[in-house]
Every structure is written in C-alpha cells, then in structure tokens.
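Observations on chain architecture
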Amino acid sequence: MTVRIAPSLLSADFSKLADEIADIERGGADMLHLDIMDGHFVPNLTFGPPVVARLATHCRIPLDAHLMVDDPDALLPQLAEAGVARVAVHVETCVHLHRTLSNIRELGMERGVALNPASPVESLAGAVPWLEFVLVMSVNPGFGGQGFIPESVSRVARLRAMLGDDAIDITVDGGVDTSNAHALTAAGAKTLVAGTSVFGASDRNLAIAALRRCVLED
Ligand code: DX5
Ligand code: ZN
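Reading the values: rules and limits
Residues numbered from 1 in each chain as written. Chains lettered and ligands numbered in written order. Predicted model: local features only at pLDDT ≥ 70, side-chain atom pairs only at ≥ 80, totals over all residues. Heavy atoms only, no water. Helix = DSSP H or I, 4+ residues; strand = E, 2+ residues; numbered from the N terminus. Rg over C-alpha atoms; globule rule 2.2 N^0.38 Å. Buried < 20%, exposed > 50% of the residue type's maximum accessible area, 1.4 Å probe, protein only. Contact = heavy atoms within 4.5 Å. Areas by Shrake-Rupley, 256 points an atom, 1.4 Å probe, with all protein chains shown as cover. Donors = N, O, S within 2.8 Å, 3.2 Å for Na, K, Ca; no water. Tetrahedral: all angles 85-135°; square planar, octahedral: opposite > 155°, others 65-115°. 1 Å grid on protein atoms, 1.4 Å probe; cavity = no way out; pocket = protein on both sides within 12 Å on 5 of 7 lines; lining within 4 Å. Points joined across faces, edges and corners; volume = space filled by probe spheres on them. Near = heavy atom within 4 Å. Polar contact = N/O pair within 3.5 Å; in protein donor to acceptor, adjacent residues only side chain to side chain. Salt bridge = Lys/Arg side-chain N within 4 Å of Asp/Glu carboxyl O. Arc of directions from axis to C-beta.

1. A short note on the overall build of the chain
The secondary structure content of the chain amounts to eight helices and eight strands. For 218 residues, the compact-globule estimate of 2.2 N^0.38 gives 17 Å, and the chain sits close to it at 16 Å. Each of the three principal axes of the chain carries a C-alpha extent, and together these read 40 × 35 × 30 Å. Looking at the 218 residues of the chain, the share that counts as buried comes to 54%. For the chain, restricting intrachain contacts to residue pairs at least 6 apart in sequence, the fraction spanning at least 24 positions comes to 65%. For the chain, the accessible surface area stands at approximately 9,100 Å², while carbon and sulfur atoms represent 53% of it.

And the structure:
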C-alpha cells in the first residue's frame, strides 16, 4: 500500500470550496478529508451531510469523513447516499462500536475508528476484525492548526505492531507536516491527513509534493 495524502477541508477557504477541492485534486491529493463536528463532542461546528452531498458533486477523489459527533449513527445513511467512501467514528462516542461499524459496512463504506490522543491504542484490540482503518488523532480534535503531539509516533508504532501487516490502514490526523511525515510513515502510517500544511500553503501542489518527498514507502 503506498502512502496517501488526504488534505483536510477544514483549513480551506470556506467561501470557495469547489475551487479549493479542484486545487488539491490538481496537486495530486489522494483523498479529501471531511471533518464533521457537532459542537458537543468537540467545541466546534463545521458542516453536515447536505453540504457533503453538494461537495461530492465537485470532487473526483474519494471522500474520507471524520465524525466528531455524539451520535454518528444518525449521519451514516446520508453520508453513504452522498457517496462518501470511508467513515471514521470516535471510539470515545461509540458505546456499541460493533453495531456502528456494522451499519457503516452495510451502507457500503469503509469502516474506521478514531482515537483521541489519550485513548489507549489497545482499546481497539477487540475491534480489529471489523475495521478497514484506524484514525490516530495527533492533536485534540476540534480545530485545525494545532501543534503535533510527539507521542503520536510511538502510538502509531504500537498500533502497527498490534495490527500486523498493512491490510488495515493507519491514518494520522492533526499537525501533520514535513517535520513528522517521515517518522509517522516509518512507524507504519499509510495515510496522512494534512490541513494547514496543505491548504495553508499558497501553492498546494508544492505542499503535497513536499509531504510526498518525506514519506517512507515500502
Ligand atoms: C481536527 C481535525 C483535523 C484537522 C487537521 O479536529 O480532525 O482533520 O483539520 O488540521 P491540521 O493539519 O491543520 O492539524
Ligand atoms: Zn479530521
């Protein structure tokens, strides 16, 4: 599996989202990361399924939804209808994780579980058979532009040891840039979400290329 770069739309200019998506597609982005926040699970509000459905009509690369909401199950049918390729739900919000992951699969999307920085990676051990990817948060979820939490690298390595080969993707989200992309991919990450380091750059093509030069491929 080659390393994928997934720019996070949270750091884009919200007044011209279609143009912003076209820009990162031209720059060679592999997926578009969509941060859906409800103002309860995290202290910020972004957008929901109706906006995602409209964005999908402007996007050719796969949509990667990250649900930072108290009730992820309520959003799943509309996200599937919008054409979302994969969905990450937070382990901290899912009392019935197996049921939620089953719902995602039945709706035809890839299943991911997101872990806050303080949630033990071992808490996912029982859920490994039900997953296509794990989203390791390397900042506290809620906002773009925060500093990378350095312990995230060793968390990725522990998770990769637990998961074995690359059949299950490890995605890292938060503060990812050229200073940590090499260490994260050396530890076993296969997808890098990048908000500020891509959308905050004046030339997104150069920013994506710079990240790609840092990653360690198999
Ligand atoms: C934070 C979001 C991230 C965020 C990343 O809650 O989950 O996806 O957009 O942005 P940067 O790369 O700026 O930390
Ligand atoms: Zn995210």
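2. A word on the coordination of the zinc ion (ligand 2)
Protein coordination of the zinc ion (ligand 2) is provided by His-33 (NE2), Asp-35 (OD), His-66 (ND1) and Asp-173 (OD), with donor distances spanning 2.0 to 2.3 Å. Around the zinc ion (ligand 2), the six donor atoms are arranged such that angles at the metal cover 71 to 171°; this shape is classified as octahedral. Every donor residue of the zinc ion (ligand 2) comes from the same chain, spaced as H-x1-D-x30-H-x106-D. Linking Asp-35 in strand β2 (residues 32-37) with Asp-173 in strand β7 (residues 169-173), this pair joins segments that are 138 residues apart in sequence. Comparing Asp-35 with Asp-173 shows no difference in burial state: the two are buried.

3. Describing the layout of surface pockets
Quantified by volume, the largest pocket comes out at close to 280 Å³. Lining the largest pocket are 26 residues, and of these Gly-144, Gly-145, Gly-174, Gly-175 and Gly-195 lie nearest its centre. Those elements that place two or more of their residues in the lining of the largest pocket are β2, β3 (63-68), β8 (191-194) and α7 (196-199).

4. Things to note about the site of ligand 1
For ligand 1, the set of nearby residues contains 21 residues, the closest of which are Ser-8, Gly-142, Asp-173, Gly-175 and Thr-196. Within the backbone of Gly-142, a nitrogen or oxygen atom sits 2.7 Å from an oxygen atom of ligand 1. Between an oxygen atom of ligand 1 and a main-chain N or O atom of Gly-195, the distance comes to 2.8 Å. If ligand 1 stood free it would expose 380 Å²; the protein chains cover 99% of that surface.

5. Examining the pattern of salt bridges
Applying the stated criterion to the full structure yields ten salt bridges. As a salt-bridge pair, Arg-60 and Glu-25 come within 3.5 Å of each other at their nearest N and O atoms. Taken together, the residues span a long stretch of sequence, with Arg-60 in the loop between α2 (49-56) and β3 and Glu-25 in helix α1 (residues 17-26) at a distance of 35 residues. On the basis of relative accessible area, Glu-25 is assigned to the buried category, the value being 13%. The shortest N-O distance in the salt bridge between Glu-132 and Arg-111 comes to 2.6 Å.

6. A short note on helix α4 (residues 97-106)
Turn by turn, an α-helix covers 3.6 residues, leaving residues three or four places apart pointing in a common direction. Among the residues of α4, those classed as buried are Leu-97, Thr-100, Leu-101 and Ile-104. The arc enclosing the buried residues of α4, seen along the axis, measures out at 95°, which places them on a common side. Facing away from the buried surface of α4 by more than 90 degrees, the exposed residues are Arg-99 and Glu-106. Where the residues of α4 are buried, they touch α3 (76-82), β4 (86-90) and β5 (110-115).

7. Regarding α1
Every buried residue of α1 is accounted for by Leu-17, Glu-20, Ile-21, Ile-24 and Glu-25. Looking straight down α1, one finds that the buried residues subtend no more than 135° of arc, so they occupy a single side. Of the surrounding secondary structure, the elements contacted by the buried residues of α1 are β1 (4-7), β2, α2, α7 and α8 (204-214). Taken from the residues just after α1, Gly-28 is the one with a positive phi, measuring 90°.

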